[in-house]
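# Summary of the model geometry
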Amino acid sequence: MKDSLKPGLRHTMTYVVPANRTVPYLLPESEHFATMPEVLATGYMVGIIEWTCMEAIRAHLDEGEISLGAHVDLSHRAPTPVGMTVTIEVELIEVDQRALTFEVEARDEKTVISTGLHRRGVVNKERFVERLNG
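Attention in this report is confined to the structure presented alongside it. Worth saying up front: this structure is predicted, and the values here are computed from it rather than measured. (Residues numbered from 1 in each chain as written. Predicted model: local features only at pLDDT ≥ 70, side-chain atom pairs only at ≥ 80, totals over all residues. Heavy atoms only, no water.)

## As for the nonpolar core
Buried together is how nonpolar side chains tend to be arranged in soluble globular proteins. Worth spelling out the cut-off: Throughout this description, the term nonpolar core refers to a set of buried Ala, Val, Leu, Ile, Met, Phe, Trp, Tyr and Cys residues connected via side-chain atoms within 4.5 Å. Each residue is placed in one exposure class: buried if its accessible area under a 1.4 Å probe, protein chains only, is under 20% of its type's maximum, exposed if it is over 50%, and partly exposed if it falls in between. Helix and strand assignments follow DSSP, with helices taken as H or I runs no shorter than four residues and strands as E runs no shorter than two, numbered in order from the N terminus. Residues are treated as being in contact if the distance between any of their heavy atoms lies within 4.5 Å.
Counting 24 residues, the largest nonpolar core has Ile57 and Phe102 as the members making the most contacts within it. The set of elements that each furnish at least two residues to this core consists of strand 1 (10-16), helix 3 (42-57), strand 3 (85-96), strand 4 (99-107) and strand 5 (112-124). Element by element, the count of residues in this core is highest for helix 3, at 6 residues. Filtering out sequence-adjacent residues up to four positions away, Ile57 remains in contact with Leu5, Leu9, Ser67, Leu100 and Phe102.

## Structural notes on the pairing of strand 4
Successive side chains on a regular strand alternate, one facing one side of the sheet and the next facing the other. Using the following cut-off: In short, DSSP must find at least two bridges between two strands for them to pair.
As paired strands, strand 3 and strand 4 are joined by 9 bridges and run antiparallel to one another. The partner of Leu92 across the bridge, within strand 4, is Phe102. By the bridge criterion, 9 bridges tie strand 4 to strand 5 in an arrangement that is antiparallel. Paired with Ala99 across the strands is Gly121, a residue of strand 5. Turn length for the strand 4-strand 5 hairpin, with the two strands adjacent in sequence and antiparallel, is 4 residues.

## Side note on the side chain of Thr22
In plain terms, the rule: Here a polar contact means two N or O atoms within 3.5 Å. Within protein one must be a hydrogen donor candidate and the other an acceptor candidate, and residues neighboring in sequence count only if both atoms are side-chain atoms.
Its place among the elements puts Thr22 in the loop between strand 1 and helix 1 (23-26). In this structure the side chain of Thr22 is engaged in a polar contact, spanning 2.6 Å, whose partner is the backbone oxygen of Ala19. Each residue touching Thr22, except ones within four places of it in the same chain, is listed here: Val17, Glu38, Val39, Leu40, Ala41, Tyr44 and Val82.

## Describing the sheet that holds strand 2 (residues 65-74)
So the rule is basically this: Fitting a line to C-alpha atoms yields each axis, with helices limited to the stretch in contact; the angle taken between N-to-C directions then spans 0 to 180 degrees.
Overall, antiparallel pairing links the 5 strands, which are arranged 1-3-4-5-2 in an open sheet. On the outer flanks of this sheet lie strand 1 and strand 2, each paired with one strand and no other. Taken pair by pair, the neighbouring strands of this sheet meet at an average axis angle of 25 degrees, ignoring direction. With 7 bridges connecting them, strand 1 and strand 3 associate as antiparallel partners.

## What about the packing of aromatic side chains?
Worth spelling out the cut-off: Ring pairs shown here join Phe, Tyr and Trp side chains whose ring centres sit within 6.5 Å, with only the six-membered ring taken for Trp; geometry is labelled stacked below 30 degrees between planes, edge-to-face above 60, and tilted in between. Two thresholds decide whether a charge sits over a ring: the Lys NZ or Arg CZ must be within 6 Å of the ring centre and within 35 degrees of the ring normal.
Tallying each qualifying case throughout the model produces 1 aromatic pair. With 6.2 Å between their ring centres and 75 degrees between their planes, Tyr15 and Trp51 make a pair best called edge-to-face. Taken together, the positions of Tyr15 in strand 1 and Trp51 in helix 3 put the pair 36 residues apart, joining distant regions of the chain. Accessibility expressed as a relative area gives 39% for Trp51, which makes it partly exposed. Across the ring face of Tyr44, the terminal group of Arg21 is positioned such that the distance to the ring centre comes to 5.0 Å.

## Focus on unusual backbone geometry
Positive phi, normally seen in glycine, also occurs at Gln97, with a value near 60 degrees. Relative to the assigned elements, Gln97 resides in the loop between strand 3 and strand 4.

Written out as structure tokens, the structure is:
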């Protein structure tokens, strides 16, 4: 991690919701999901928030480092239909050794759809993959 990875770092990203990021596509083998309305799925929303956090820190990681999601504490307050733009704003609020905490707000064109915290851990990718392969 570079010395520039400090609290106060902010990043904003926008994402236009496609049909294949709606609830019926989350787990199409589940009839419960398959019959739901086509609105942004919470699971995909979390992924977009993680992506925004990864983009926020990308230039502040050393060669060979990646970040892994470790915790999410996010609301999902309102549905977002296909074609609507979601804007995600994140701020790095804490760096505790290799643990990063982000404050998150996501909104669509009408309202705030999510607020909360997301934590990521910075790891060496090669060592992580070695541990996975045992």
